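Letter by letter, the chains look like this.
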Amino acid sequence: MPNTRILATGRAVPDRVVTNAELAEKIDTSDEWIRQRTGIEQRHWIAVGESGSGLALKASERALAKAGIPASDLDAIVYATSTPDHFAPGGGVYLQRDLNVGTIPALDIRTQCSGFVYGLSLADCYIKSGMYRTVLVVGAEVQSTAMDVSDRGRNTAVIFADGAGAAVVQACDEAAGSEILAWDLHSEGAHAELLWVDAPGSVYHPRNQAEHIDSKGYLSMDGKEVFKHAVTRMPESVQAVLDKGGKSTEDLTLLIPHQANLRISEMVQKRLGLRDDQVYNNIQRYGNTTSATVPIALDECLEQGLIQRGDLIALTAFGSGFLWGSALIRY
Ligand code: UT7
(Lines give C-alpha, C1' and ligand atoms only; values in the text may rest on other atoms or scores of the structure.)
Protein backbone atom coordinates (compact mmCIF):
# COMPACT_ATOMS: atom_id res chain seq x y z
CA MET A 1 0.00 0.00 0.00
CA PRO A 2 1.41 3.43 -0.88
CA ASN A 3 1.77 6.21 1.66
CA THR A 4 0.18 9.61 1.14
CA ARG A 5 2.06 12.87 1.26
CA ILE A 6 1.22 16.52 0.82
CA LEU A 7 3.45 17.63 -2.04
CA ALA A 8 2.71 21.35 -1.80
CA THR A 9 0.05 23.86 -0.83
CA GLY A 10 -1.28 27.22 -2.04
CA ARG A 11 -3.65 29.90 -0.78
CA ALA A 12 -5.63 32.84 -2.12
CA VAL A 13 -7.70 35.54 -0.48
CA PRO A 14 -9.52 38.48 -2.07
CA ASP A 15 -7.63 41.79 -2.26
CA ARG A 16 -10.33 43.62 -0.35
CA VAL A 17 -9.43 43.94 3.32
CA VAL A 18 -12.27 44.63 5.75
CA THR A 19 -11.10 46.08 9.04
CA ASN A 20 -12.91 45.97 12.36
CA ALA A 21 -13.26 49.74 12.13
CA GLU A 22 -15.10 49.40 8.80
CA LEU A 23 -17.55 46.91 10.34
CA ALA A 24 -18.06 49.19 13.35
CA GLU A 25 -19.39 51.84 10.95
CA LYS A 26 -22.24 49.51 9.95
CA ILE A 27 -22.79 47.41 13.07
CA ASP A 28 -23.05 48.13 16.78
CA THR A 29 -19.62 46.70 17.57
CA SER A 30 -16.06 47.93 18.12
CA ASP A 31 -12.50 47.07 17.19
CA GLU A 32 -11.82 46.45 20.86
CA TRP A 33 -14.73 43.99 21.29
CA ILE A 34 -13.82 42.03 18.16
CA ARG A 35 -10.12 41.79 19.11
CA GLN A 36 -10.83 40.82 22.71
CA ARG A 37 -13.58 38.28 22.02
CA THR A 38 -12.24 36.73 18.77
CA GLY A 39 -8.65 37.87 18.14
CA ILE A 40 -9.63 39.07 14.66
CA GLU A 41 -8.07 42.31 13.40
CA GLN A 42 -9.11 42.16 9.74
CA ARG A 43 -10.54 39.79 7.16
CA HIS A 44 -10.86 39.57 3.36
CA TRP A 45 -14.18 39.77 1.51
CA ILE A 46 -14.66 39.36 -2.22
CA ALA A 47 -15.57 42.20 -4.56
CA VAL A 48 -18.33 41.92 -7.18
CA GLY A 49 -17.12 39.59 -9.96
CA GLU A 50 -14.98 37.39 -7.72
CA SER A 51 -16.05 33.90 -6.66
CA GLY A 52 -15.16 30.98 -4.44
CA SER A 53 -14.13 28.84 -7.40
CA GLY A 54 -11.98 31.75 -8.64
CA LEU A 55 -10.15 31.83 -5.29
CA ALA A 56 -9.87 28.03 -5.44
CA LEU A 57 -8.31 28.29 -8.90
CA LYS A 58 -5.63 30.74 -7.70
CA ALA A 59 -4.84 28.64 -4.62
CA SER A 60 -4.68 25.46 -6.74
CA GLU A 61 -2.43 27.01 -9.39
CA ARG A 62 -0.05 28.17 -6.66
CA ALA A 63 -0.03 24.71 -5.07
CA LEU A 64 0.61 23.02 -8.43
CA ALA A 65 3.43 25.47 -9.23
CA LYS A 66 5.11 24.75 -5.88
CA ALA A 67 4.62 21.02 -6.38
CA GLY A 68 6.27 21.42 -9.78
CA ILE A 69 3.65 19.37 -11.59
CA PRO A 70 1.18 20.30 -14.32
CA ALA A 71 -2.58 20.19 -13.65
CA SER A 72 -2.73 17.34 -16.17
CA ASP A 73 -1.04 15.11 -13.56
CA LEU A 74 -4.11 15.35 -11.32
CA ASP A 75 -6.32 12.27 -11.09
CA ALA A 76 -9.13 13.78 -9.02
CA ILE A 77 -10.35 16.92 -7.25
CA VAL A 78 -11.92 16.97 -3.80
CA TYR A 79 -13.55 20.36 -3.30
CA ALA A 80 -14.74 21.30 0.17
CA THR A 81 -17.13 24.22 0.46
CA SER A 82 -20.25 25.20 2.33
CA THR A 83 -20.73 28.18 0.02
CA PRO A 84 -20.70 26.91 -3.59
CA ASP A 85 -20.91 29.48 -6.39
CA HIS A 86 -24.34 28.05 -7.27
CA PHE A 87 -26.90 25.81 -5.55
CA ALA A 88 -26.00 23.16 -8.15
CA PRO A 89 -23.63 21.99 -9.49
CA GLY A 90 -20.96 22.21 -6.81
CA GLY A 91 -17.73 24.16 -7.09
CA GLY A 92 -15.45 21.25 -8.04
CA VAL A 93 -16.55 21.17 -11.66
CA TYR A 94 -15.80 24.87 -12.11
CA LEU A 95 -12.32 24.28 -10.78
CA GLN A 96 -11.91 21.26 -13.08
CA ARG A 97 -13.03 23.41 -16.03
CA ASP A 98 -10.84 26.39 -15.16
CA LEU A 99 -7.73 24.30 -14.47
CA ASN A 100 -8.22 23.01 -17.99
CA VAL A 101 -7.67 19.41 -16.96
CA GLY A 102 -9.26 16.39 -18.60
CA THR A 103 -12.52 14.85 -17.46
CA ILE A 104 -11.16 13.87 -14.08
CA PRO A 105 -13.66 13.40 -11.24
CA ALA A 106 -14.45 16.47 -9.15
CA LEU A 107 -16.22 15.74 -5.90
CA ASP A 108 -17.79 18.41 -3.68
CA ILE A 109 -18.06 17.75 0.01
CA ARG A 110 -20.31 19.67 2.40
CA THR A 111 -18.66 19.39 5.76
CA GLN A 112 -18.28 23.12 6.44
CA CYS A 113 -15.41 24.09 8.77
CA SER A 114 -14.16 20.49 8.80
CA GLY A 115 -14.18 20.40 5.00
CA PHE A 116 -10.46 20.34 4.37
CA VAL A 117 -9.79 17.69 7.02
CA TYR A 118 -12.58 15.50 5.63
CA GLY A 119 -11.38 16.15 2.08
CA LEU A 120 -7.84 15.15 2.92
CA SER A 121 -9.15 11.93 4.47
CA LEU A 122 -10.88 11.08 1.18
CA ALA A 123 -7.72 11.81 -0.81
CA ASP A 124 -5.78 9.58 1.59
CA CYS A 125 -8.24 6.73 1.01
CA TYR A 126 -8.20 7.20 -2.78
CA ILE A 127 -4.40 7.07 -2.74
CA LYS A 128 -3.98 4.21 -0.27
CA SER A 129 -6.54 2.09 -2.16
CA GLY A 130 -4.50 2.56 -5.33
CA MET A 131 -7.47 4.20 -7.10
CA TYR A 132 -5.72 7.53 -7.71
CA ARG A 133 -2.12 8.71 -7.46
CA THR A 134 -2.43 12.52 -7.33
CA VAL A 135 -5.38 14.33 -5.79
CA LEU A 136 -6.05 18.05 -5.39
CA VAL A 137 -7.81 18.90 -2.10
CA VAL A 138 -9.33 22.35 -1.82
CA GLY A 139 -11.17 24.33 0.84
CA ALA A 140 -12.81 27.42 -0.64
CA GLU A 141 -15.42 29.75 0.82
CA VAL A 142 -17.26 32.96 0.21
CA GLN A 143 -19.19 33.76 3.37
CA SER A 144 -19.38 37.52 2.89
CA THR A 145 -22.20 37.51 0.32
CA ALA A 146 -24.72 35.88 2.70
CA MET A 147 -23.87 37.58 5.94
CA ASP A 148 -26.20 39.76 7.94
CA VAL A 149 -24.06 42.87 8.22
CA SER A 150 -26.36 44.54 10.73
CA ASP A 151 -26.72 44.64 14.52
CA ARG A 152 -28.82 41.46 14.32
CA GLY A 153 -25.99 39.54 12.65
CA ARG A 154 -23.11 40.97 14.63
CA ASN A 155 -22.02 37.67 16.18
CA THR A 156 -21.33 36.21 12.72
CA ALA A 157 -20.56 39.22 10.52
CA VAL A 158 -17.45 40.08 12.51
CA ILE A 159 -16.10 36.51 12.33
CA PHE A 160 -16.70 34.89 8.94
CA ALA A 161 -14.73 35.70 5.81
CA ASP A 162 -13.61 34.57 2.37
CA GLY A 163 -10.57 32.62 1.16
CA ALA A 164 -9.24 29.40 -0.32
CA GLY A 165 -6.45 26.92 0.32
CA ALA A 166 -5.33 23.94 -1.73
CA ALA A 167 -3.05 20.95 -1.29
CA VAL A 168 -1.60 18.65 -3.93
CA VAL A 169 -1.59 15.21 -2.36
CA GLN A 170 0.30 12.32 -3.90
CA ALA A 171 1.20 8.67 -3.39
CA CYS A 172 4.74 8.05 -2.14
CA ASP A 173 6.77 5.08 -1.02
CA GLU A 174 8.14 4.42 2.45
CA ALA A 175 11.55 5.86 1.60
CA ALA A 176 10.00 9.32 1.24
CA GLY A 177 9.42 9.33 5.01
CA SER A 178 6.05 11.08 4.69
CA GLU A 179 2.84 9.49 5.85
CA ILE A 180 -0.65 10.26 7.11
CA LEU A 181 -0.58 8.30 10.34
CA ALA A 182 -4.08 8.55 11.79
CA TRP A 183 -7.59 9.90 11.32
CA ASP A 184 -10.38 10.81 13.71
CA LEU A 185 -13.69 11.96 12.18
CA HIS A 186 -17.09 12.58 13.78
CA SER A 187 -20.50 14.17 13.35
CA GLU A 188 -23.37 15.05 15.68
CA GLY A 189 -26.42 16.17 13.73
CA ALA A 190 -28.40 16.75 16.92
CA HIS A 191 -26.78 20.20 16.85
CA ALA A 192 -27.26 20.92 13.14
CA GLU A 193 -29.34 24.05 13.74
CA LEU A 194 -26.84 25.70 16.10
CA LEU A 195 -24.72 26.86 13.16
CA TRP A 196 -26.50 26.83 9.82
CA VAL A 197 -28.00 28.57 6.83
CA ASP A 198 -31.67 27.55 6.82
CA ALA A 199 -32.66 28.60 3.29
CA PRO A 200 -32.76 28.09 0.39
CA GLY A 201 -33.53 24.45 1.16
CA SER A 202 -35.55 21.84 -0.69
CA VAL A 203 -37.53 21.22 2.50
CA TYR A 204 -39.45 24.38 1.56
CA HIS A 205 -42.22 24.43 -1.07
CA PRO A 206 -41.18 26.22 -3.18
CA ARG A 207 -37.47 26.09 -2.38
CA ASN A 208 -36.92 29.77 -3.18
CA GLN A 209 -39.09 32.17 -1.22
CA ALA A 210 -38.47 35.90 -1.25
CA GLU A 211 -39.24 36.33 2.47
CA HIS A 212 -36.63 33.70 3.39
CA ILE A 213 -33.80 35.93 2.22
CA ASP A 214 -34.08 38.10 5.30
CA SER A 215 -35.47 35.58 7.80
CA LYS A 216 -33.61 32.34 7.01
CA GLY A 217 -31.02 33.12 4.36
CA TYR A 218 -28.18 34.28 6.60
CA LEU A 219 -25.60 32.24 8.43
CA SER A 220 -26.92 31.92 11.96
CA MET A 221 -25.01 30.71 15.01
CA ASP A 222 -25.51 30.09 18.71
CA GLY A 223 -21.97 31.25 19.46
CA LYS A 224 -21.83 30.20 23.10
CA GLU A 225 -22.96 26.63 22.42
CA VAL A 226 -20.69 26.24 19.40
CA PHE A 227 -17.79 27.56 21.47
CA LYS A 228 -18.38 25.02 24.25
CA HIS A 229 -18.45 22.06 21.87
CA ALA A 230 -15.45 23.31 19.85
CA VAL A 231 -13.15 23.57 22.87
CA THR A 232 -14.10 20.04 23.94
CA ARG A 233 -14.17 18.21 20.62
CA MET A 234 -10.95 19.53 19.06
CA PRO A 235 -8.63 18.57 21.96
CA GLU A 236 -10.43 15.21 22.31
CA SER A 237 -9.93 14.55 18.60
CA VAL A 238 -6.27 15.59 18.56
CA GLN A 239 -5.65 13.29 21.51
CA ALA A 240 -7.42 10.49 19.60
CA VAL A 241 -5.11 10.75 16.57
CA LEU A 242 -2.05 10.98 18.83
CA ASP A 243 -3.17 7.81 20.61
CA LYS A 244 -3.91 6.00 17.33
CA GLY A 245 -0.50 7.01 15.97
CA GLY A 246 1.29 6.01 19.18
CA LYS A 247 2.53 9.60 19.71
CA SER A 248 2.31 12.16 22.48
CA THR A 249 1.87 15.93 22.54
CA GLU A 250 5.64 16.34 23.07
CA ASP A 251 6.21 14.69 19.68
CA LEU A 252 4.14 17.34 17.88
CA THR A 253 6.05 19.99 15.97
CA LEU A 254 2.89 21.89 15.17
CA LEU A 255 -0.86 21.77 15.62
CA ILE A 256 -2.91 23.67 13.05
CA PRO A 257 -6.39 24.19 14.48
CA HIS A 258 -9.38 25.49 12.54
CA GLN A 259 -9.35 29.25 12.96
CA ALA A 260 -12.77 29.91 14.53
CA ASN A 261 -11.84 32.22 17.37
CA LEU A 262 -8.43 32.89 18.94
CA ARG A 263 -9.88 32.11 22.38
CA ILE A 264 -10.97 28.69 21.09
CA SER A 265 -7.44 27.95 19.80
CA GLU A 266 -5.95 29.10 23.10
CA MET A 267 -8.26 26.83 25.04
CA VAL A 268 -7.49 23.88 22.74
CA GLN A 269 -3.77 24.56 23.31
CA LYS A 270 -4.24 24.73 27.08
CA ARG A 271 -6.32 21.57 27.26
CA LEU A 272 -3.66 19.66 25.30
CA GLY A 273 -0.81 21.21 27.29
CA LEU A 274 0.95 22.50 24.18
CA ARG A 275 3.56 25.29 24.11
CA ASP A 276 2.90 28.51 22.19
CA ASP A 277 5.34 27.49 19.46
CA GLN A 278 3.40 24.24 18.91
CA VAL A 279 0.16 25.94 17.80
CA TYR A 280 -0.27 28.12 14.71
CA ASN A 281 -2.83 30.92 14.57
CA ASN A 282 -3.54 33.44 11.83
CA ILE A 283 -7.18 34.33 12.51
CA GLN A 284 -5.98 37.86 13.32
CA ARG A 285 -5.48 38.51 9.60
CA TYR A 286 -8.12 36.33 7.93
CA GLY A 287 -11.08 35.81 10.27
CA ASN A 288 -12.86 32.47 9.99
CA THR A 289 -12.80 31.24 6.39
CA THR A 290 -14.61 27.97 7.20
CA SER A 291 -13.09 25.09 5.16
CA ALA A 292 -10.20 27.29 4.01
CA THR A 293 -8.68 28.10 7.42
CA VAL A 294 -6.64 24.91 7.75
CA PRO A 295 -5.07 24.86 4.25
CA ILE A 296 -4.39 28.64 4.36
CA ALA A 297 -2.62 28.20 7.71
CA LEU A 298 -0.75 25.11 6.49
CA ASP A 299 0.46 27.03 3.45
CA GLU A 300 1.72 29.89 5.65
CA CYS A 301 3.51 27.47 7.98
CA LEU A 302 5.29 25.82 5.06
CA GLU A 303 6.20 29.18 3.55
CA GLN A 304 7.67 30.34 6.88
CA GLY A 305 9.64 27.12 7.31
CA LEU A 306 7.77 26.21 10.49
CA ILE A 307 7.24 22.69 9.13
CA GLN A 308 10.00 20.57 7.60
CA ARG A 309 9.83 17.16 5.95
CA GLY A 310 9.67 14.51 8.67
CA ASP A 311 8.01 16.78 11.27
CA LEU A 312 4.94 15.50 13.07
CA ILE A 313 1.95 17.79 12.61
CA ALA A 314 -1.74 17.61 13.46
CA LEU A 315 -4.68 19.28 11.78
CA THR A 316 -7.96 19.66 13.62
CA ALA A 317 -11.29 21.29 12.82
CA PHE A 318 -14.76 21.71 14.25
CA GLY A 319 -17.85 23.38 12.87
CA SER A 320 -21.35 23.37 11.47
CA GLY A 321 -23.01 19.96 11.46
CA PHE A 322 -21.64 19.52 14.02
CA LEU A 323 -18.73 17.86 12.24
CA TRP A 324 -15.22 17.62 13.51
CA GLY A 325 -12.03 15.68 12.97
CA SER A 326 -8.25 15.53 13.04
CA ALA A 327 -5.33 14.18 11.06
CA LEU A 328 -1.90 13.18 12.33
CA ILE A 329 0.72 13.62 9.64
CA ARG A 330 4.42 12.83 9.34
CA TYR A 331 5.08 15.69 6.92
O1 UT7 B 1 -16.25 27.94 12.58
C2 UT7 B 1 -16.67 27.12 13.64
C3 UT7 B 1 -17.72 27.65 14.40
N4 UT7 B 1 -17.60 28.96 14.95
C5 UT7 B 1 -17.14 29.12 16.18
O6 UT7 B 1 -16.55 28.23 16.74
C7 UT7 B 1 -17.42 30.41 16.90
C8 UT7 B 1 -17.83 30.13 18.31
N9 UT7 B 1 -18.32 31.24 19.07
C10 UT7 B 1 -17.65 32.40 19.30
O11 UT7 B 1 -16.59 32.59 18.77
C12 UT7 B 1 -18.22 33.39 20.28
O13 UT7 B 1 -19.33 32.82 20.92
C14 UT7 B 1 -18.60 34.74 19.67
C15 UT7 B 1 -17.38 35.51 19.27
C16 UT7 B 1 -19.53 34.55 18.48
C17 UT7 B 1 -19.36 35.57 20.71
O18 UT7 B 1 -18.53 35.78 21.83
P19 UT7 B 1 -19.09 35.50 23.29
O20 UT7 B 1 -18.05 35.91 24.22
O21 UT7 B 1 -19.58 34.08 23.33
O22 UT7 B 1 -20.28 36.51 23.38
P23 UT7 B 1 -21.81 36.22 23.67
O24 UT7 B 1 -22.47 35.56 22.52
O25 UT7 B 1 -21.95 35.61 25.04
O26 UT7 B 1 -22.31 37.68 23.79
C27 UT7 B 1 -21.87 38.56 24.84
C28 UT7 B 1 -22.40 39.93 24.53
C29 UT7 B 1 -23.88 39.93 24.18
O30 UT7 B 1 -24.46 41.09 24.71
P31 UT7 B 1 -25.31 41.04 26.08
O32 UT7 B 1 -26.43 40.07 25.80
O33 UT7 B 1 -24.35 40.54 27.12
O34 UT7 B 1 -25.75 42.45 26.25
C35 UT7 B 1 -23.86 40.03 22.67
O36 UT7 B 1 -25.02 40.62 22.16
O37 UT7 B 1 -21.69 40.45 23.39
C38 UT7 B 1 -22.65 40.89 22.44
N39 UT7 B 1 -22.08 40.75 21.11
C40 UT7 B 1 -21.36 41.75 20.56
N41 UT7 B 1 -20.99 42.94 21.01
C42 UT7 B 1 -20.24 43.71 20.22
C43 UT7 B 1 -22.17 39.72 20.24
N44 UT7 B 1 -21.50 40.03 19.12
C45 UT7 B 1 -20.99 41.25 19.28
C46 UT7 B 1 -20.21 42.12 18.48
N47 UT7 B 1 -19.85 43.32 18.99
N48 UT7 B 1 -19.79 41.77 17.25
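Before going into details, it helps to say that this report is about the structure given with it. From a predicted model like this one, the values you see are computed outputs, not experimental measurements.

**Considering the packing of helix α8 (residues 223-244) against helix α9 (residues 262-272)**
Phase 1: Taken N-terminus to C-terminus, the directions of α8 and α9 make an angle of 40°; their axes are 9 Å apart at the nearest point. Here α8 is positioned oblique relative to α9, judged by the angle of their axes. Of the two possible hands of crossing, α8 and α9 adopt the one that is right-handed. Counting all contacts with α8, which are made through Phe227, Ala230, Val231, Thr232, Met234, Pro235, Val238 and Gln239, the residues of α9 involved are Arg263, Ile264, Met267, Val268, Arg271 and Leu272.

**Structural notes on the sheet that holds strand β13 (residues 323-330)**
Whenever strands of a sheet pair, they do so through backbone hydrogen bonds, lying parallel or antiparallel.
Phase 1: Here we have four strands laid out as an open sheet, ordered β8-β13-β12-β11, and mixed in their pairing. Two strands lie at the open edges of the sheet, namely β8 (179-187) and β11 (254-257), each paired on one side alone. Between one strand axis and the next, the sheet turns by 10° as a mean value, whatever way the strands run.
Phase 2: Each of β8, β12 (312-319) and β13 touches helix α5 (residues 115-128); the most contacted strand, β8, lies at about 130° to it.
Phase 3: Across the sheet, α8 is in contact with β8, β11, β12 and β13; its angle to β13 comes to roughly 35°.

**A look at empty space enclosed by the protein**
Phase 1: As enumerated under the stated definition, the model contains one cavity of 30 Å³ or more in all.
Phase 2: Quantified by volume, the largest cavity comes out at close to 30 Å³.
Phase 3: In this structure, the largest cavity is lined by Thr4, Arg5, Ile6, Ser178, Glu179, Ile180, Arg309, Ile329, Arg330 and Tyr331.
Phase 4: The set of elements that each furnish at least two residues to the lining of the largest cavity consists of β1 (3-12), β8 and β13.
Phase 5: By residue number, the principal contributor to the lining of the largest cavity is β1, which donates three residues.
Phase 6: When its residues are assigned to classes, the lining of the largest cavity shows four nonpolar, two polar and four charged.
Phase 7: Looking at which domains feed residues into the lining of the largest cavity, each of domain 1 (3-175) and domain 2 (179-330) gives three or more.

**Comments concerning the site of the ligand**
Phase 1: Inspection of the region around the ligand gives 24 residues, with Thr29, Arg37, Lys224, Asn261 and Asn288 positioned closest.
Phase 2: Within the contact set of the ligand, a nitrogen atom lies 3.1 Å away from a backbone nitrogen or oxygen of Gly223.
Phase 3: Within the side chain of His258, an N or O atom sits 2.9 Å from an oxygen atom of the ligand.
Phase 4: Summarising the interface, the protein chains cover 74% of the accessible area of the ligand, which totals 950 Å² for the free molecule.
Phase 5: In this structure the site holding the ligand corresponds to the second largest pocket.
Phase 6: Secondary structure elements with two or more residues in the shell around the ligand: α2 (31-38), α6 (154-157), α8, α9 and β12.
Phase 7: With four residues, the top contributor of residues to the shell around the ligand is α8.
Phase 8: Looking at side-chain class alone, the shell around the ligand contains 11 nonpolar, eight polar and five charged residues.
Phase 9: When residues of the shell around the ligand are assigned to domains, at least three fall in each of domain 1 (3-175) and domain 2 (179-330).

Definitions and limits used
- Residues numbered from 1 in each chain as written.
- Predicted model: local features only at pLDDT ≥ 70, side-chain atom pairs only at ≥ 80, totals over all residues.
- Heavy atoms only, no water.
- Axes fitted to C-alpha atoms, helices over the stretch in contact; angles between N-to-C directions.
- Helix = DSSP H or I, 4+ residues; strand = E, 2+ residues; numbered from the N terminus.
- Parallel < 35°, antiparallel > 145°, perpendicular 65-115°, else oblique.
- Left-handed = near helix turned anticlockwise from the far one by under 90°.
- Contact = heavy atoms within 4.5 Å.
- Pairing = 2+ DSSP bridges.
- 1 Å grid on protein atoms, 1.4 Å probe; cavity = no way out; pocket = protein on both sides within 12 Å on 5 of 7 lines; lining within 4 Å.
- Points joined across faces, edges and corners; volume = space filled by probe spheres on them.
- Nonpolar A, V, L, I, M, F, W, Y, C, P; charged D, E, K, R; others polar.
- Domains from an automatic or database assignment.
- Near = heavy atom within 4 Å.
- Polar contact = N/O pair within 3.5 Å; in protein donor to acceptor, adjacent residues only side chain to side chain.
- Areas by Shrake-Rupley, 256 points an atom, 1.4 Å probe, with all protein chains shown as cover.
- Sits in = over half its atoms within 2 Å of the grid points.

Honestly, that's just the spatial picture; any functional story needs more than this.
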